[in-house]
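Chain by chain, the residues:
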Amino acid sequence: MATPLQGGTGLGLELGKKRSLSPKLSTVSEPAQKVHCSLPPPPPDDFDEIMRGAAPPPSPGTAFFRPSVDRGIKYVVVSGGVCSSLGKGVATSSIGALLRGHGLRVTAIKLDPYVNIDAGLMSPYEHGEVFVLDDGGETDLDLGNYERMMFLNLGRSNNITTGKIYDWVIKKERKGDYLGKTVQVVPHITGAIIEWVDRVAKMSTDGSGLPPQICMIELGGTVGDIESMPFIEALRQFKFSLPENSLAWCHCSYIPNMSGQKTKPTQHSVKALLSLGIQADVIICRSPDPLQEETRKKIGNQCNIQPTRIISAHDVQNLFHVVGILADQHIVGLLNGILKLGDIDTTSPFPIRETALRSLSDWKNFAQRVDKANDAKPVVIAFVGKYNKGGGDAYQSMLAALSHAAISQGRKLQLDWVDATDLERPKGSESNSKVEERISGVEARLRAADGIFVPGGFGDRGFDGKARAAGLAREWKKPYLGVCLGMQVALIQFAKDVLQLHDATSEEVDTKKESRNPVIVYMPEISKETMGANMRLGSRWVEFVNPSTSLVAGLYGGAGRIMERHRHRYEFNIAYKVAMEKKGLIFSGQDESKERMDVIELPASTHPFYVGVQFHPEYKSRPAQPSPPYHGFIAAACGGSALGELLAKSRKRGPHPHWCPFTLDMAGTC
């Protein structure tokens, strides 16, 4: 049967058939005459082949340019409306986790409309933490959500910013790649976005080496923002360059509760998206309470979408319940109806790791473990930071790693946020009673905590306060974990207290070169002329000097070397290494050159747990697979035999390929 035309006439004509139109208007004296309209026959089967020679070449310098794309991958786009911070990243990660649980190979891309090349120089107060990837990419924190929930290892290309796209297009224009044509937002910027998405979507990120079958795409910002419009237009074009059933659009919106659930913000948000040429396939509604059926029907009626495709994403006890909430509303079934997921071959040539959460029951059981841990006895950690006022986003991966470790220990994580500046005395002026009272109060909080944690950071503000916290943890034999700067301040305070080098400091804060004992120095290969992406970044090998006796090596299963992610410009001055070793400090981990110190620890005979690491182990922590240094720290803070039991279990299990890739044997050689 012929297919009805879907043109603007609304006449419902069919190819190859004749239909009578309405009679032509006539005067009373003239009888009405029938008018017949004959449609031309459909084009021959080889029409595309005949016309191919007459079509213009697919040059990026012409308005006819439409980049060729891979037509085998399915895409799920997640956008947001009404306001920011709706949880698009959580929704994207949770949907990806569910699809992965059905045996599909999944990857993820984040589209960020800001003009920065990457997130490396953004303030943690404004944008949250910078998440570092294996290849050294400094990216948006949402990529951390993707890696943790979908168990991926992404690259810098998985974070696409306006700055990257314009930089790429302008460089191509300068090289003459556009053949002298006028470079415009459409088609060149949008074409570059399409080309980038298509290229990255084919990159394996799950360790299988096989191309992904599903690509999750999160569109940052809010629909209606000027800066996000090129991305929306690119995705609109991208959808029509793919076969049918290849792209599903999920739109996150907000349902405020003001004397009842209000749908008007969502209506306007969906209509704003529709005005840009996009009809949402699924609407995910964020609200304090579950979506009422009346609200669901009203949204469906006003937004031109079936009520069954409207998902309630209400508040939950912990974010791991989101996976179950979406599954209970059959979101995978909805996506299957849109994308025909049943046609995809989900057989895998590789065994599934038992430690990785995969199935829906895995996620539901883990969410229940989190609830149970939150009802258990708390383990109190003094978090001595300098970006505390920026909220948890400034330290999101560190909080996730601490939480993963506490859950594994069956304890509730309770953080005491300590501003590092509150441990500092004013420079250049005498202390007064108020200052001493403040410092004394903060020190009492540190003493009451079960463990002291000092994160990384940049600049001199709070530097001395962090060093003071590291020194008190060593003096009080309080479990301590210092990450990046946290290791550096531990070394500086050790030099001051134990080596009696009272002017020991870091070149980062000693800008006038007044100190004669720079314990921490600027890395010689790092340029001082530029800042962006100008650090020791990404995954590097860390070798353990003596894996059989090292506490940290034991937490990694007795591995001889591990691969962890770094982000720093300053390093330990090895001129002080021998003197510190004579005083009992152990430099247990180093780089392959054996000149850069990556791990320090005190022996168990003198301290229950005193560890500093130059790298950032939190970036590779996963649910039910906590980072070893964080896990050991929380176990030590829990007290009793928890740390000893964890060490014995870790050494018995052996090195894990997540931290020790290319494992050759189970004796710790990597």
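Above this note sits the structure.
What counts, and at which threshold
Within each chain, residues carry numbers counting from 1 in the order of the written sequence. A pLDDT threshold of at least 70 governs which residues receive local features in this predicted model, and a stricter bar of 80 or more applies before side-chain atom pairs are shown or counted, although totals over entire chains, interfaces and linings include all residues. The basis for every side-chain value is the complete set of heavy atoms in the structure, and neither hydrogens nor water enter the calculation. By convention in this document, the label disulfide applies to cysteine sulfur atom pairs within 2.5 Å. For every residue, the accessible area (1.4 Å probe, protein chains only) is compared with the maximum for its type, and the residue is labelled buried under 20%, exposed over 50%, or partly exposed between those bounds. Each helix is a run of DSSP H or I of at least 4 residues and each strand a run of E of at least 2, with the numbering of both proceeding from the N terminus. Here an angle of 0 to 180 degrees is reported between the N-to-C directions of two axes, which are lines fitted to C-alpha atoms, with helices fitted over the stretch in contact. Reported orientations rely on four angle classes, namely roughly parallel under 35 degrees, roughly antiparallel over 145, roughly perpendicular from 65 to 115, and oblique for the rest. Take the far helix as the reference: if the near one is turned anticlockwise from it by less than a right angle, the crossing is left-handed, and if turned clockwise, right-handed. Here, residues are in contact when the closest pair of their heavy atoms is within 4.5 Å. Residues are grouped as follows: Ala, Val, Leu, Ile, Met, Phe, Trp, Tyr, Cys and Pro are nonpolar; Asp, Glu, Lys and Arg are charged; every other residue, Gly included, is polar. Think of it this way: DSSP has to see at least two bridges between two strands before they count as a pair. The patch calculation keeps residues exceeding 30% relative accessible area without a salt bridge and links them within 9 Å when they carry like charges or within 5 Å when they are nonpolar (Val, Leu, Ile, Met, Phe, Trp, Tyr). Per-residue and other accessible areas were derived by the Shrake-Rupley procedure at a 1.4 Å probe size, with only the shown protein chains allowed to occlude residues. Salt bridge, as used here: a side-chain nitrogen of Lys or Arg that lies within 4 Å of a carboxyl oxygen of Asp or Glu.

Some details on the state of the cysteines
- Across all of its chains, the model carries zero disulfides by this definition.
- You can see Cys 252 has no disulfide; the closest cysteine sulfur is in Cys 250, sitting 7.5 Å from it.
- What makes Cys 252 buried here is its relative accessible area of 2%.
- Cys 285 carries a free sulfur, and the closest cysteine sulfur to it, the one in Cys 303, is 8.2 Å from it.

Points about unusual backbone geometry
- Of note, the bond from Val 186 into Pro 187 is cis; its omega dihedral lies within 30 degrees of zero at 20°.
- The topology assignment puts Pro 187 in helix 6 (residues 185-201).
- If you check the backbone angles, Ser 85 has positive phi at about 60° while not being a glycine.
- Its location among the elements puts Ser 85 in the loop between strand 3 (74-80) and helix 2 (88-101).
- We classify Ser 85 as exposed; its relative accessible area is 74%.
- Unusually for a residue other than glycine, Lys 477 sits at a positive phi of about 55°.
- With respect to the element layout, Lys 477 can be found in the loop between helix 15 (463-476) and strand 15 (480-483).

Things to note about the packing of helix 2 against helix 10 (residues 321-328)
- Remark: helix 2 packs on helix 10, axes separated minimally by 9 Å, with the N-to-C direction vectors making an angle of 65°. Here helix 2 lies roughly perpendicular to helix 10, going by the angle between them. Relative to helix 10, the crossing made by helix 2 is right-handed. Contacts between helix 2 and helix 10 pair Val 90, Ala 91, Ser 94, Ile 95 and Leu 98 from the former with Val 322, Val 323, Leu 326 and Ala 327 from the latter.
- Across the contact of helix 2 with helix 10, the residue classes break down as eight nonpolar, one polar and no charged.

Details of the environment of Gly 277
- Note on placement: Gly 277 falls in the loop between helix 8 (264-275) and strand 10 (282-287).
- You can call Gly 277 partly exposed: its relative accessible area is 40%.
- Separated by 40 residues in sequence, Gly 277 and Gln 237 place their C-alpha atoms 9.5 Å apart.

Some points on the sheet that holds strand 16 (residues 505-506)
- Here we have three strands laid out as an open sheet, ordered 16-17-20, and mixed in their pairing. In this open sheet, the two strands that pair with only one neighbour each are strand 16 and strand 20 (570-572).
- Relative to strand 20, strand 17 (residues 518-522) runs antiparallel, the two sharing three bridges. Note that in strand 20 the partner of Val 521 across the bridge is Glu 571.

What about a nonpolar patch on the surface?
- Nonpolar side chains collect at one region of the surface, where Tyr 166, Ile 170, Val 185 and Val 186 lie side by side and expose about 330 Å² of accessible area between them.
- Breaking the nonpolar patch down by element, the ones donating at least two residues are helix 5 (162-175) and helix 6.
- By the secondary structure assignment, Ile 170 is in helix 5.

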